[in-house]
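# Structural features, examined
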Amino acid sequence: MKKILIVEDDEVERELVRMTLEREGYAVVTAEDGVRGFERALAERPDLIITDVSMPAADGVELVRSVRSAPEIAPTPILVTTGFGTGSATLTLTQGADAYEPKPLDPDSLRESVRRLLG
């Protein structure tokens, strides 16, 4: 069973994504900010990380940089979500994210992106 880490500061959004992915048969772990997300990524070794861009403590850009600089989890695919348009998404992609989904999230598009990133 593939494990996905969701890093999202908005509890409602985090739970919606979690439920969507659990219904697809994925194991899901969560974190509410980039600092805790990085800690969970190191501890859990997920097959995919889904992170919001705008969060307290450490944002999605910082999380992407941290993951890419940690050899043990650097290859993990990262899907970024943002409601701030393509500028924020482009920034995270240049830092090493693999894909992005605009908010509000479309469940069908999210599921397709997850399937594609997990191969």
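The coordinates are above.
This text gives an overview of the structure that appears in the document. Computed from a prediction, not measured in an experiment: that's the story for all the values here.

For the rest of this paragraph, the subject is the environment of Ser113. With respect to the element layout, Ser113 can be found in helix α5 (residues 107–118). Sequence spacing of Ser113 and Ala99 is 14 residues, and the spatial spacing of their C-alpha atoms is 7.8 Å. Among residues more than four places away in sequence, those in contact with Ser113 are Leu79 and Glu101.

Attention now moves to the packing of helix α2 (residues 34–44) against helix α3 (residues 60–69). Packing of α2 against α3 leaves a shortest axis separation of 9 Å and a crossing angle of 25 degrees. As the angle between them shows, α2 and α3 are arranged roughly parallel. As for how α2 packs across α3, the hand of that crossing is right-handed. Where α2 approaches α3, its residues Gly34, Gly37 and Phe38 are matched on the opposing element by Leu63, Ser66 and Val67.

Taken in spatial order, the five strands of this open sheet run β2-β1-β3-β4-β5, and their pairing is parallel. Two strands close off the open sheet at either side, each with one partner strand: β2 (27–31) and β5 (99–102). Here the average twist between neighbouring strands, direction ignored, is 20 degrees. Examined bridge by bridge, strand β4 (residues 78–82) and β5 share four bridges and lie parallel to one another. Counted as the bridge partner of Leu79 is Ala99 from β5.

On to unusual backbone geometry. Residues Lys103 and Pro104 are joined by a peptide bond in cis, for which omega reads 0 degrees. Within the element layout of this structure, Pro104 appears in the loop between β5 and α5. Unlike most non-glycine residues, Ala57 shows phi in positive territory, near 70 degrees. By the element assignment, Ala57 lies in the loop between β3 (48–52) and α3. Here Ala57 falls in the exposed class, since its relative accessible area comes to 61%.

Basis of the calculations
Residues numbered from 1 in each chain as written. Predicted model: local features only at pLDDT ≥ 70, side-chain atom pairs only at ≥ 80, totals over all residues. Heavy atoms only, no water. Helix = DSSP H or I, 4+ residues; strand = E, 2+ residues; numbered from the N terminus. Contact = heavy atoms within 4.5 Å. Axes fitted to C-alpha atoms, helices over the stretch in contact; angles between N-to-C directions. Parallel < 35°, antiparallel > 145°, perpendicular 65-115°, else oblique. Left-handed = near helix turned anticlockwise from the far one by under 90°. Pairing = 2+ DSSP bridges. Buried < 20%, exposed > 50% of the residue type's maximum accessible area, 1.4 Å probe, protein only.

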